[in-house]
Amino acid sequence: MAADDYTRLQQMLDLLGDVPGSILVRGPDRWLSLPPGPIGYVLVIGAGGVPEWVDPSTVPFPT
Amino acid sequence: MLDRVRVIARAIKQIPAAERGPMQEALRRYMRQNAGVRGTAAVRERDWLMSLLTGRQWAIYDEQGRQFWPMASLMDVSDWLDHTGPRLGSMLMRGQDEWLPSHNCHPKSVLMYTAPGTHTMTCPAASLPDRANAIGGY
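Keep in mind that this is a model prediction, so the values were computed, not measured.

**Points about the environment of Gly46 of chain A**
Here's step 1: Assignment of secondary structure puts Gly46 of chain A in the loop between strand 3 (42-45) and strand 4 (51-54).
Here's step 2: Classification of Gly46 of chain A by C-beta neighbours within 10 Å gives partly exposed; the count is 15.
Here's step 3: Ignoring anything within four residues of it in the chain, the contact list for Gly46 of chain A reads Pro51 and Glu52 of chain A together with Pro107 of chain B.

This is the structure we're talking about:
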């Protein structure tokens, strides 16, 4: 991919969100930018089917 | 906004019938994409008119060569990403040869590490061999 094409692609994706650490997620109507969660949180599929950051103490990891 | 769309629709009726179909379809698509979208409607209308008039061949570049008009709208980008075939909640993952939507399991599943060459997915936390296999902590 040419450098200007790459830059343009990045600019287009930035339309969805440009907070460093964000993740692109398909929402009910369109793609959304999921901003970074608090430090130490883990990414979990929420009740609505969309990923969300949660406190790991609420996740039933094996001990 | 709707009044201006009606003006465009009337203008299209003046165009020879053979050329009218694709323009009418483009207008219908434009209105569908704008349904319920706030804030970008004016930009999308401008881009649609430019694409109708110029086929997006015309653009403005700044001194660094960056194209800034006409530029893609938020919904254009979302529509392009939909070509990867996502489901609700999918995240974009880089596969072997292309970007792919993640395979999500059920609510409360966590994003987990999968071996290189496999499709990253979410799974129930209790099925993980240990906590270190979960990824996504920030």
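**A closer look at the nonpolar core**
Here's step 1: Formed by Val42, Leu43, Val44, Ile45 and Trp53 of chain A together with Val110, Leu111, Met112 and Ala125 of chain B, the largest nonpolar core amounts to nine residues.
Here's step 2: Going through the elements one at a time, strand 3 of chain A together with strand 5 (109-112) of chain B are the ones with two or more residues in this core.
Here's step 3: Among the elements that line this core, the one with the most residues is strand 3 of chain A, at four residues.
Here's step 4: Residues within four places of Ile45 of chain A in sequence aside, it is in contact with Pro51 of chain A together with Gly89, Asn104, Cys105, His106, Pro107, Lys108, Ser109 and Thr122 of chain B.
Here's step 5: Formed by seven residues, the second largest nonpolar core is a distinct cluster that contains Leu24 and Val25 of chain A together with Val77 and Leu81 of chain B.

**Considering the interface of chain B and chain A**
Here's step 1: Listed as interface residues are 35 residues of chain B and, on the opposing side, 34 residues of chain A.
Here's step 2: Element by element, the count of residues in the side of chain B that touches chain A is highest for helix 4 (residues 74-81) of chain B, at five residues.
Here's step 3: Broken down by class, the residue content of the side of chain B that touches chain A amounts to 19 nonpolar, 11 polar and five charged.

**A closer look at the pairing of strand 1 (residues 23-26) of chain A**
One face of the sheet, then the other: side chains in a regular strand alternate in exactly this way.
Residue and element names in this part refer to chain A.
Here's step 1: Every second residue of strand 1 is oriented toward a common face, with Ile23 and Val25 on one face and Leu24 and Arg26 on the other, all of them buried.
Here's step 2: Relative to strand 2 (residues 31-34), strand 1 runs antiparallel, the two being bridged by four bridges. If you follow Val25 over to strand 2, its bridge partner there is Leu32.
Here's step 3: Taking the residues that link successive antiparallel strands as the turn, the strand 1-strand 2 hairpin has four residues.

**A short note on unusual backbone geometry**
Residues and elements named next belong to chain B.
Here's step 1: The backbone of Lys108 sits at a positive phi, close to 80 degrees, despite the residue not being glycine.
Here's step 2: With respect to the secondary-structure elements, Lys108 resides in the loop between strand 4 (99-101) and strand 5.
Here's step 3: For Lys108, a count of 17 C-beta atoms within 10 Å gives the class partly exposed.

The rules behind the values
- Residues numbered from 1 in each chain as written.
- Chains lettered and ligands numbered in written order.
- Predicted model: local features only at pLDDT ≥ 70, side-chain atom pairs only at ≥ 80, totals over all residues.
- Helix = DSSP H or I, 4+ residues; strand = E, 2+ residues; numbered from the N terminus.
- Buried ≥ 20, exposed ≤ 12 C-beta atoms within 10 Å, placed from the backbone.
- Contact = placed C-beta atoms within 7 Å.
- Core = buried A, V, L, I, M, F, W, Y, C linked by C-beta atoms within 7 Å.
- Nonpolar A, V, L, I, M, F, W, Y, C, P; charged D, E, K, R; others polar.
- Pairing = 2+ DSSP bridges.

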